[in-house]
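Here is how the chains run, residue by residue.
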Amino acid sequence: MKIAAADVIVTSPDRNFVTLKITTDDGLTGLGDGTLNGRELSVASYLRDHVVPLLIGRDPHRIEDTWQFLYRSAYWRRGPVTMAAIAAVDVALWDIKAKAAGMPLYQLLGGASRTGIMAYGHASGRDLPELFDSIRRHLEEGYRSIRVQTSVPGINAVYGVATQPSVDGKRYDYEPAQRTPLPAEEDWDTRAYLRHLPGVFEAVRNEFGPELPLLHDGHHRMTPIQAAKLGKALEPYDLFWLEDCTPAENQEALRLVRQHTTTPLAIGEVFNTVWDYQTLIREQLIDYVRSAVTHTGGITAMRKLLDFAAQYQIKSGIHGPTDISPVGMAAALHLDLAIHNFGIQEYMKHGALTNEVFRQSFTFTDGYLHPGEQPGLGVELDEAAAAKFPYVPAYLPFNRLKDGTVHDW
């Protein structure tokens, strides 16, 4: 078997997606997700111009060899564009291998380690009544774990709050990348946020009781000492995790946070390789790995990263909002089902247009996801439907402080 063709498909149902379709000489096809939110065309060009010519004629079953070839032969390693492109190839090849074997991908990864994959949903509100209503809606939809995001008095727009205004009128938490000529500017005040948030979690606990797992995303906006302060203030409310409390490119900064709080920490959605985690995992400075299969080199790389984390009792929490296509989500679910150190899976439902383009076999029942039993990933791309939704430029917002300084969003 040889790779006969590799096509890059950019489509924009609900939001922009980059999909790689690899076809073998005996007619098998595999799909990979190469979506990089706000920088989609850079990955599409990397694939079309630099990677696809290297794939033609290769044996699709040699997944590890192909991964190492694409990573090492470019000389310039790592980075989100390179690793998203490698991930697209890697996942497409795993899709082909599982189809050739006639079994769902998780079976090739060692079989199921659990019957279902616990998912968390995204509740938010501009005030407590709106937040409570959002939590109740998610519970009615079947979610058993809830991420809580809230507006902050004095701040006009805060990441993750669905009902606050956005420039293009879309639901904010559904897709924060807005289809505007320039990125939307938002404001930020860390001290106001630190004053407000503990009271929100106190109210949520009083309303919904001690059993409901609650999560929160700090979205990289705090310094290490501010993150430590928040983690300590939230301890009475027993969070499942505090995510991205501080920009973790400075891995040693998490030592300070750990010294001051026992709130579990989740880090890594902007990371691309195991090298970004070396100190964090070895020194047990985090509790959950947040990387996406799509942005971290695919299933091959993520399995190795999570095996490394397992040695230190660190679990998975794979990134999974709507900027991961159904192809990337399916890849995550097969990995979730197979690994031993699974923690939780982020899950935000895609829109109707996306589901028209990507036909999926994975299910969500009573708070648990399952990738399904179709051979391969269990996702098929309707190329005719995809062609109806051309690429539309879109940018994620950015923050400025009150004095005009650009700040982490």
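Residues numbered from 1 in each chain as written. Predicted model: local features only at pLDDT ≥ 70, side-chain atom pairs only at ≥ 80, totals over all residues. Heavy atoms only, no water.

In the nomenclature of an unreviewed UniProt entry, the protein chain is known as D-galactonate dehydratase family protein of Micromonospora globbae.

**Examining the overall build of the protein chain**
On a plain count of helices and strands, the protein chain comes out with 13 helices and 18 strands. Its C-alpha atoms give the protein chain a radius of gyration of 21 Å, within 12% of the compact-globule value 22 Å for 409 residues. Considering only C-alpha atoms, the protein chain reaches an extent of 60 × 45 × 45 Å along its principal axes. Scored against the burial criterion, the 409 residues of the protein chain give a buried share of 61%. Across the protein chain, every contact between residues at least 6 apart in sequence was considered, and the portion connecting residues at least 24 apart equals 71%. Carbon and sulfur atoms make up 52% of the accessible area of the protein chain, which totals about 16000 Å². (Helix = DSSP H or I, 4+ residues; strand = E, 2+ residues; numbered from the N terminus. Rg over C-alpha atoms; globule rule 2.2 N^0.38 Å. Buried < 20%, exposed > 50% of the residue type's maximum accessible area, 1.4 Å probe, protein only. Contact = heavy atoms within 4.5 Å. Areas by Shrake-Rupley, 256 points an atom, 1.4 Å probe, with all protein chains shown as cover.)

**Some remarks on the packing of aromatic side chains**
Summed over all chains, the structure comprises 15 aromatic pairs. Aromatic side chains tyrosine 143 and tyrosine 347 sit 6.4 Å apart centroid to centroid with 40° between the ring planes, which places their arrangement in the tilted category. Separated by 204 residues along the polypeptide, tyrosine 143 in the loop between α5 (128-141) and β5 (145-150) and tyrosine 347 in the loop between β12 (345-346) and α12 (352-357) bring together distant segments of the chain. Under the relative-accessibility criterion, tyrosine 143 is labelled buried at 4%. Taking the relative accessible area as the measure of exposure, tyrosine 347 reaches 10% and is therefore buried. Residue placement shows arginine 15 over the ring face of phenylalanine 17; its charged tip is 5.2 Å from the ring centre. The ring centre of tryptophan 188 lies 4.1 Å from the NZ or CZ of arginine 221, which sits over that ring. (Phe/Tyr/Trp six-rings, centres within 6.5 Å; stacked < 30°, edge-to-face > 60°. Lys NZ or Arg CZ within 6 Å of the ring centre and 35° of its normal.)

**Re the domain arrangement of the protein chain**
In terms of domains, the protein chain is made up of domain 1 (3-103) and domain 2 (109-374). On a C-alpha basis, the centres of domain 1 and domain 2 stand 26 Å from each other. At the interface, 31 residues of domain 1 touch 34 residues of domain 2. Between domain 1 and domain 2 lies a buried interface of about 2400 Å² when both sides are counted; carbon and sulfur atoms form 58% of it. The salt bridge partner of aspartate 276 is arginine 78, with a shortest N-O separation of 3.3 Å. At the junction of domain 1 and domain 2, the tally comes to 17 residue pairs in polar contact (both at pLDDT 80 or more). Taken together, the elements giving at least two residues each to the side of domain 1 that touches domain 2 come down to β2 (17-24), β3 (29-33), α2 (63-73) and α3 (80-101). Per-element tally for the side of domain 1 that touches domain 2: the top contributor is α3, with eight residues. (Domains from an automatic or database assignment. Buried area = accessible area lost by both parts, 1.4 Å probe. Salt bridge = Lys/Arg side-chain N within 4 Å of Asp/Glu carboxyl O. Polar contact = N/O pair within 3.5 Å; in protein donor to acceptor, adjacent residues only side chain to side chain.)

**A word on the sheet that holds β2**
As summarised here, the arrangement of the three strands in space is β1-β2-β3, forming an open sheet in which the pairing is antiparallel. At either margin of the open sheet sits one strand with a lone partner, and together these are β1 (3-11) and β3. Looking at each pair of strands side by side, their axes are set apart by 20° on average, direction ignored. In this structure, β1 lies alongside β2, joined through eight bridges in antiparallel fashion. Across the sheet, alanine 6 pairs through a bridge with isoleucine 22, a residue of β2. On top of the sheet, helix α1 (residues 40-55) reaches β1 and β2; it is set at about 175° to β1, its chief contact. (Pairing = 2+ DSSP bridges. Axes fitted to C-alpha atoms, helices over the stretch in contact; angles between N-to-C directions.)

**What to know about helix α6 (residues 190-208)**
The end-to-end C-alpha distance of α6 is 27 Å, a good match for the 27 Å that 19 residues give at a rise of 1.5 Å each. Buried within α6 are the following residues: Thr190, Ala192, Tyr193, Leu194, Leu197, Pro198, Val200, Phe201, Ala203, Val204, Arg205 and Phe208. The N-cap of α6, judged by a side-chain oxygen 3.2 Å from the amide nitrogen of arginine 191 a few residues on, is aspartate 189. Immediately beyond the C-terminal end of α6, within one or two residues, lies glycine 209, with a positive phi of roughly 85°. (Expected span 1.5 Å × (residues − 1).)

**Remarks on the pattern of salt bridges**
Overall, the coordinates contain 23 salt bridges when judged by the stated rule. A salt bridge links lysine 99 to aspartate 95, with the shortest nitrogen-to-oxygen separation between them at 3.6 Å. Within this pair, lysine 99 and its partner aspartate 95 are both found in helix α3, separated by four residues, close to a single helical turn. Three or more residues joined by partner-sharing salt bridges are found here, namely Glu243, Glu269, Arg290 and Glu346.

**A closer look at the sheet that holds strand β18 (residues 406-407)**
Strand order across the open sheet formed by three strands is β6-β17-β18, with mixed pairing between neighbours. The outermost strands of the open sheet, each flanked by one partner alone, are β6 (185-187) and β18. In this sheet, strand β17 (residues 398-400) lies alongside β6 in parallel orientation, the contact comprising three bridges. Across the sheet, residue aspartate 187 finds its bridge partner in β17, namely arginine 400.

**Overview of the side chain of threonine 35**
Mapped onto the secondary structure, threonine 35 falls in the loop between β3 and α1. From its side chain, threonine 35 meets the backbone nitrogen of valine 18 in a polar contact 3.0 Å long. Among the polar contacts listed, one links the side chain of threonine 35 to the side chain of aspartate 33, at a separation of 2.7 Å. In contact with threonine 35, not counting residues within four places along its chain, are Arg15, Asn16, Phe17, Val18, Glu40, Thr294, His295, Asp323 and Ser325.

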